[in-house]
Amino acid sequence: MGFSDELLKDSSLSEEMMLEQFERMIAYYQEMDMEAAMAPSSENLLLPTLLVELPDDDEGRPRFMNHSFLPLDTEDAEFSQFLQFYVELPDPIDGIDELTLLRTLNRINQIMPAGHCAMVEARPEFGLPQMVYVRHILGYPLGDYVDQGVFCETLFLVEMSCTLTSTVISGVASGLTIEEAMAKLSEPD
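Anyway, here's the lowdown on the structure attached to this text. (Residues numbered from 1 in each chain as written. Predicted model: local features only at pLDDT ≥ 70, side-chain atom pairs only at ≥ 80, totals over all residues. Heavy atoms only, no water.)

A few words now on the overall build of the protein. When you go through the protein residue by residue, the secondary structure sums to 5 helices and 6 strands. Mapped from its N terminus to its C terminus, the protein presents α and β elements in the order α-α-β-β-β-β-α-β-β-α-α. The C-alpha radius of gyration of the protein comes to 18 Å, within 12% of the 16 Å expected for a compact globule of 189 residues. Expressed as lengths along the three principal axes of its C-alpha atoms, the size of the protein is roughly 50 × 35 × 30 Å. (Helix = DSSP H or I, 4+ residues; strand = E, 2+ residues; numbered from the N terminus. Rg over C-alpha atoms; globule rule 2.2 N^0.38 Å.)

This part is about the sheet that holds strand 2 (residues 49-54). Strands sit in the order 1-2-3-4-6-5 across an open sheet of 6 strands; the sheet is antiparallel. Bordering the open sheet on either side are strand 1 (36-39) and strand 5 (116-120), each of which pairs with just one other strand. Taking each pair of neighbouring strands and ignoring which way they run, the sheet shows an average axis angle of 25 degrees. Judged from the 4 bridges that link them, strand 1 and strand 2 form a sheet pairing that is antiparallel. When the sheet's bridge partners are listed, Met38 is paired in strand 2 with Leu50. Sheet contacts for helix 2 (residues 15-31): strand 1, strand 2, strand 3 (63-69), strand 4 (80-88) and strand 6 (131-141); angle to strand 3, the most-contacted strand, approximately 145 degrees. (Pairing = 2+ DSSP bridges. Axes fitted to C-alpha atoms, helices over the stretch in contact; angles between N-to-C directions. Contact = heavy atoms within 4.5 Å.)

Bringing the pairing of strand 6 into the picture now. Where strand 4 meets strand 6, 9 bridges bridge the pair, whose relative direction is antiparallel. By the bridge assignment for strand 6, Tyr86 is matched with Arg135. Two strands pair when backbone bridges link them, and strand 5 and strand 6 are joined in this way by 5 bridges, in the antiparallel orientation. Looking across to strand 6, one finds that Met119 is bridged to Val132.

What follows covers the packing of helix 3 (residues 98-109) against helix 4 (residues 148-173). Interaxial distance between helix 3 and helix 4 falls to 10 Å at its minimum, and their mutual angle equals 150 degrees. As judged from the angle between their axes, helix 3 and helix 4 are roughly antiparallel. Helix-helix and strand crossings are classified by hand; for helix 3 and helix 4 the assignment is right-handed. Across the interface between the two elements, Thr100, Leu101, Thr104, Leu105 and Ile108 of helix 3 pack against Leu164, Thr165, Val168, Ile169 and Val172 of helix 4. (Parallel < 35°, antiparallel > 145°, perpendicular 65-115°, else oblique. Left-handed = near helix turned anticlockwise from the far one by under 90°.)

Right, let's talk about the packing of aromatic side chains for a bit. On inspection of all chains with the given rule, the structure shows 5 aromatic pairs. Relative to Phe151, the ring of Phe85 lies with its centre 5.6 Å away and its plane at 40 degrees, an arrangement referred to as tilted. Within this pair, whereas Phe85 is found in strand 4, its partner Phe151 is found in helix 4, the two being separated by 66 residues in sequence. The pair formed by Phe85 and Phe151 is uniform in burial state, with each residue classed as buried. Members of the aromatic cluster, connected to one another through ring pairs, are Tyr28, Tyr29, Phe85 and Phe151. One Lys or Arg, Arg24, reaches over the ring of Tyr145 and ends 3.7 Å from the middle of that ring. (Phe/Tyr/Trp six-rings, centres within 6.5 Å; stacked < 30°, edge-to-face > 60°. Buried < 20%, exposed > 50% of the residue type's maximum accessible area, 1.4 Å probe, protein only. Lys NZ or Arg CZ within 6 Å of the ring centre and 35° of its normal.)

The subject of this paragraph is the nonpolar core. Ranked by internal contacts, the top residues of the largest apolar core, which has 44 residues, are Met25, Tyr29, Met65 and Ile108. Once residues lying within four places of it in the same chain are set aside, the contact partners of Met25 are Leu50, Phe69, Leu83, Tyr140, Val146 and Phe151. Core analysis: the second largest hydrophobic core is formed by 5 residues, Ala118, Val120, Met131 and Tyr133 among them. (Core = buried A, V, L, I, M, F, W, Y, C linked by side-chain atoms within 4.5 Å.)

In this structure, Gly143 sits in the loop between strand 6 and helix 4. You can call Gly143 exposed: its relative accessible area is 63%. For the pair Gly143 and Thr165, spaced 22 residues apart in the sequence, the C-alpha separation amounts to 33 Å.

Given below as structure tokens:
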């Protein structure tokens, strides 16, 4: 029994199908001169995952995205498969009080071009502090490969969402009010 078997037992998805999909996506990333690698399911990673090195953010910090498929049962996803785009942002948020952070994320979510942003709690067992993430789900027909154009446009929108979120979070972390940080989005580069 594979590590993903239990999660996929009532799903139309299989680990083999996910890995085939990821192979195609790796080719899409290679055409964009971006690095991507598959991680098969394991004891610590219950579903296969595609790991992607994104361009550094405006501060020169590395960013990474991961893709996985949502293992929905056939009752909830009879005709579709759902691909997750997930990025944890490198912006430090430890100096922002939680209420201000949540209000900031709420304001950002009102203007996000794709997906949403939220806070993930610290994971000390992995040495990870509390962070903000951006997440988007792309649905497309079950059994099909994701269209390259749709995939690339979605990636562009998710990256735009990451940049927007980082700009505002960095502004609030530096002492700006939420309104002042949101106004930075209108400033020319």
